[in-house]
Amino acid sequence: MFIICLLLYVTANATNYYISSSGNDASDGRSPAAAWQTLAKVNATAFQPGDKILFKAGGVWSGVLAPPGSGVAGKPIVIDKYGKGVLPVINGPGTNSSTVFSLTNQSYWEVNNLEITNMQTSGGTARLNGIAVAGPNSGTGVNHIYIRNCYVHDVNSISRESDPDFSKGCGGIIFTGITNDVLIKGCHVKNVMVEGIRNSSEVKCAHFVIDSNLVEDVYGDGIVLHGVKDH
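Residues numbered from 1 in each chain as written. Predicted model: local features only at pLDDT ≥ 70, side-chain atom pairs only at ≥ 80, totals over all residues. Heavy atoms only, no water.

Trainee: How do you make sense of the overall build of the protein when you look at a structure like this?
Mentor: Within the protein one finds two helices and 18 strands. The 231 residues of the protein split such that 48% are buried. For the protein, contacts bridging at least 24 residues in sequence account for 76% of all contacts bridging at least 6. Carbon and sulfur atoms provide 53% of the accessible area of the protein, an area that totals close to 10,300 Å². (Helix = DSSP H or I, 4+ residues; strand = E, 2+ residues; numbered from the N terminus. Buried < 20%, exposed > 50% of the residue type's maximum accessible area, 1.4 Å probe, protein only. Contact = heavy atoms within 4.5 Å. Areas by Shrake-Rupley, 256 points an atom, 1.4 Å probe, with all protein chains shown as cover.)

Trainee: Mind showing me how you'd approach the environment of Met 193 here?
Mentor: By the secondary structure assignment, Met 193 is in the loop between β14 (188-192) and β15 (195-206). Look at Met 193 and you get buried, because its relative accessible area is 1%. Through-space distance from the C-alpha of Met 193 to that of Ser 157 is 7.2 Å; in sequence the pair is 36 residues apart.

Trainee: Where do I start with the packing of aromatic side chains in this structure?
Mentor: Aromatic rings in a pair are described by how distant their centres are and how their planes are angled relative to each other. The tally for this structure, following the rule as stated, stands at five aromatic pairs. Relative to Phe 47, the ring of Tyr 17 has its centre 5.5 Å away and its plane inclined at 80 degrees; by these criteria the two rings are edge-to-face. Residue Tyr 17 is found in strand β1 (residues 16-19), and its partner Phe 47 is found in the loop between α2 (39-43) and β2 (52-56); the two are separated by 30 residues along the sequence. Both residues of the pair, Tyr 17 and Phe 47, count as buried. (Phe/Tyr/Trp six-rings, centres within 6.5 Å; stacked < 30°, edge-to-face > 60°.)

Trainee: Whenever I open this one, the pairing of strand β8 (residues 115-119) confuses me. Can you help?
Mentor: The side chains of a regular strand alternate between the sheet's two faces. Burial analysis of β8 places four of its five residues in the buried class, the great majority of the element. In terms of strand pairing, strand β5 (residues 89-91) meets β8 through three bridges, oriented parallel. Bridge pairing in β8 places Val 89 opposite Glu 115. Direction of pairing for β8 relative to strand β11 (residues 151-156): parallel, over a ladder of four bridges. Of the residues in β11, the one forming a bridge with Asn 118 is Val 155. (Pairing = 2+ DSSP bridges.)

Trainee: Sorry if this is basic, but what is going on with the state of the cysteines here?
Mentor: The term disulfide refers to a covalent linkage connecting the sulfur atoms of a pair of cysteines. Counted by the stated rule, this structure contains zero disulfides. Cys 150 carries a free sulfur, and the closest cysteine sulfur to it, the one in Cys 187, is 4.9 Å from it. In this structure Cys 150 comes out as buried when scored by relative accessible area, which is 2%. (Disulfide = S-S within 2.5 Å.)

Trainee: Is there a simple way to explain unusual backbone geometry in this structure?
Mentor: Of all residues except glycine, most have a negative phi; of all peptide bonds, most are trans. That bond from Met 193 to Val 194 is cis: its omega, 20 degrees, falls within 30 degrees of zero. Structurally, Val 194 can be placed in the loop between β14 and β15. Even without glycine at this site, Asn 113 takes up a positive phi of about 60 degrees. By the element assignment, Asn 113 lies in the loop between β7 (109-112) and β8. Using a relative accessible area of 18% as the deciding quantity, one classes Asn 113 as buried.

Trainee: Mind showing me how you'd approach the side chain of Ser 201 here?
Mentor: As for its placement among the helices and strands, Ser 201 is situated in strand β15. Judged by relative accessible area, Ser 201 falls into the buried class, the value being 4%. Reaching out from Ser 201, the side chain makes a polar contact with the backbone oxygen of Val 203 at a distance of 2.4 Å. With residues up to four places along the chain from it excluded, the contact list for Ser 201 reads Gly 177, Ile 178, His 226 and Gly 227. (Polar contact = N/O pair within 3.5 Å; in protein donor to acceptor, adjacent residues only side chain to side chain.)

Trainee: Mind showing me how you'd approach the sheet that holds strand β18 (residues 223-229) here?
Mentor: Strand pairing within a sheet occurs via backbone hydrogen bonds; the two strands may be parallel or antiparallel. In space, the five strands of this open sheet follow the order β6-β9-β12-β15-β18, with parallel pairing throughout. Edge positions in the open sheet fall to β6 (99-104) and β18, since each of these has one partner strand only. Direction aside, the axes of adjacent strands within the sheet are offset by 5 degrees on average. Pairing geometry for β6 and strand β9 (residues 129-134), over five bridges, is parallel. Bridged to Thr 104 within β9 is Ala 134. (Axes fitted to C-alpha atoms, helices over the stretch in contact; angles between N-to-C directions.)

Trainee: Help me understand the sheet that holds β11, please; the structure alone is not making it clear to me.
Mentor: Strand order in this open sheet of six strands is β3-β5-β8-β11-β14-β17, and the pairing throughout is parallel. Edge positions in the sheet fall to β3 (60-62) and β17 (214-218), since each has one partner strand and no second. Taking the axes of each pair of neighbouring strands and ignoring which way they run, one obtains an average angle of 10 degrees across the sheet. Sheet topology places β11 next to β14; four bridges connect them, and they run parallel. Across the sheet, the residue bridging to His 153 is Lys 190, located in β14.

Keep in mind these values describe shape, not function.
Structural data, given as structure tokens:
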């Protein structure tokens, strides 16, 4: 009975949050007419299982997206677009060691239909990421991270191979640590440095699927599975 009541509570309290580049962070974000405006507002919100974070199609944002919280089995937190039109775009800062969208030790997320760039225009480091998901290096790890139909491109350093920080741990879509039940499907990764799609874990991850993606114009490896087992 306790489990049933908990599931009913989670379902009843799941919320859709809308983000528009013409929105207002002072609004409640719970309808297109009351959409939030900034990534900072999203990053400052504690999301709950079953919540949806919906970016307006055709909108453009600059900065980084690192929303807190975790979902639960059967109730992931979902990022997607709303409305008709092209994918919402997030242009990263292009600064040293920056990541545009990141999850750290967070489970049960599904990320769909984002366009992401992170092009460096000054300075010099190869450690730039489009999407980066980090799990712990011990224990059971994180679970259920799905990335679908995202376009990650122009994630590049100006210094390329001459950079002393050249690293295979960065690029388009990068997973590190123990990450189980992963799906990367239908994504397009183009013109990134160093890796296109890669996971890296010293403790083997289970159920890691990379399916039906297009990877092109990648300085290093296209797709790498490093430390996986069981499907």
